[in-house]
Amino acid sequence: MILITGATGFLGAELAKLLVAKGNSVRCTKRASSVVPALLIPFADKIEWVDADMMDAFALADALEGVSQVYHCAAWVSLKQADKKQMINTNVTGTANLVNLCVEQGIRMVHVSSIAAIGSAKPGELINENHHLEQSTENDGYAISKLESEMEVWRGIAEGLNAVIVNPSLIIGASAGTGGSGALFKTVRNGLKFYTSGGIGFVDVEDVAKCMVALMNSDIKAQRYIISAENRDYKGMVTEIAKGFGVKPPSMFAKPWVMELAWRGAAVVAAVTGGVPAIDKVSAKTASLIREFDNSKIKKAIGIEFKPISKTITEICEALK
């Protein structure tokens, strides 16, 4: 039996679909209030759903009965500053609970972290798995939560846990709809006017799932892997998305100081309306940063050939039209 946490999310759902298609027995955890994603509705008779909050160690223990492999995809993501402390506590404590149980029961784990937990390289160098986030200078609550969650997994490994960590870059795919990374496509389609000078790694959600399964079924342990297909600059990315929708691409360059004004303005609007800021301080800063990632380690480990990002863009645009 294989257990997936966070299967109601974008990546977790794609992973569940892949594993079921391969004929595996799959059990997925969800919160009592969570809704099964549309992607997995056709597989309702092949997936066992159990209500188990990551903070509830007893419910997790029940969910792990008869399980030999765990894919830990569950994580709380929030841009709200008010959620920062609770998000960190929830993500880290939930991971610690799962790690402890897997250590006790000898269950193999693939833990989903993020490039948010990986540090920066020197100018002109690619970021690789040996780079680590400097927690003392980091303000992004999500990044901190992913870093500390990784540390819980490494702690478990020191105690005998058989585990591998993956750090996906920005995951995109048609099944995201207009939420998460899909919001970028929706924004461009609605007429995005500005572009920024930054860039980052992108990867198709199906490729991330494939990498996770390949690593799980390998003899590899106590390693972390960046899962990223291509490094893309934001201008080129949004221009290609705009062409996919047949709309005018962004033509005005937003300098860093413009982004600084944007996040401050968004914070004021959110404070008045009680909503989520359209852009936060961290997002505004990273929009002007170029972060390029080295994917050679995962390629060497499992021989993955990543889907071209241009093909994924085309698929998403067609799905959203």
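Up top is the structure these notes are about.
Residues numbered from 1 in each chain as written. Predicted model: local features only at pLDDT ≥ 70, side-chain atom pairs only at ≥ 80, totals over all residues. Heavy atoms only, no water.

Colleague: Lay out the sheet that holds strand β10 (residues 223-227) with the relevant residues and their values.
Modeller: One open sheet holds the seven strands; their spatial order is β3-β2-β1-β4-β5-β6-β10, and the pairing between them is parallel. With one partner strand each, in any of the chains shown, β3 (47-51) and β10 form the two edges of the open sheet. Pairs of neighbouring strands in the sheet enclose a mean axial angle of 20 degrees, with direction left out of account. The pairing of strand β5 (residues 108-112) with strand β6 (residues 163-168) spans four bridges and is parallel. Within β6, the residue paired with Met109 across the bridge is Ala163. (Pairing = 2+ DSSP bridges. Helix = DSSP H or I, 4+ residues; strand = E, 2+ residues; numbered from the N terminus. Axes fitted to C-alpha atoms, helices over the stretch in contact; angles between N-to-C directions.)

Colleague: Give a detailed account of helix α11 (residues 309-320), specifying residues and quantitative values.
Modeller: With twelve residues, α11 should cover 16 Å at 1.5 Å per step; its first-to-last C-alpha distance of 16 Å lies within 8% of that length. What α11 keeps buried is the set Ile309, Thr312, Ile313, Ile316, Cys317 and Leu320. End-on view of α11: buried residues confined to an arc of 135 degrees, all on one side of the axis. Packed against the buried residues of α11 are β7 (170-172), α5 (182-189), β9 (199-204), β11 (230-233) and α7 (234-245). (Expected span 1.5 Å × (residues − 1). Buried < 20%, exposed > 50% of the residue type's maximum accessible area, 1.4 Å probe, protein only. Arc of directions from axis to C-beta. Contact = heavy atoms within 4.5 Å.)

Colleague: Which residues make up the nonpolar core, and what are the values?
Modeller: Counting residues in each nonpolar core, the largest one holds 60 residues, and the members touching the most others are Ile4, Leu15, Tyr71, Phe185, Met212 and Ile227. No other element matches the eight residues that helix α6 (residues 205-216) contributes to this core. Ignoring anything within four residues of it in the chain, the contact list for Leu15 reads Ile4, Tyr71, Cys73, Ala209, Met212 and Val213. (Core = buried A, V, L, I, M, F, W, Y, C linked by side-chain atoms within 4.5 Å.)

Colleague: Tell me what's going on with the packing of α5 against α7, and back it up with residues and numbers.
Modeller: Where α5 meets α7, the axes come as close as 9 Å, and the angle between the chain directions of the two elements is 65 degrees. Handedness of the α5/α7 crossing: right-handed. Of α7, the residues touching α5 (which contributes Leu184, Phe185, Val188 and Arg189) are Val238, Ile241, Ala242 and Phe245. Each residue belonging to the contact of α5 with α7 can be placed in one class, and the counts come to seven nonpolar, no polar and one charged. (Left-handed = near helix turned anticlockwise from the far one by under 90°. Nonpolar A, V, L, I, M, F, W, Y, C, P; charged D, E, K, R; others polar.)

Colleague: Tell me what's going on with empty space enclosed by the protein, and back it up with residues and numbers.
Modeller: This model, assessed by the stated rule, comprises one cavity of 30 Å³ or more. Approximately 30 Å³ is the volume found for the largest cavity. Lining of the largest cavity is provided by His72, Ala74, Ala75, Asn91, Thr95, His111, Val112, Lys146 and Ser149. Elements with a contribution of two residues or more to the lining of the largest cavity: α3 (84-105), β5 and α4 (141-158). Residues that form the lining of the largest cavity fall into these classes: three nonpolar, five polar and one charged. (1 Å grid on protein atoms, 1.4 Å probe; cavity = no way out; pocket = protein on both sides within 12 Å on 5 of 7 lines; lining within 4 Å. Points joined across faces, edges and corners; volume = space filled by probe spheres on them.)

Geometry only, nothing functional implied.
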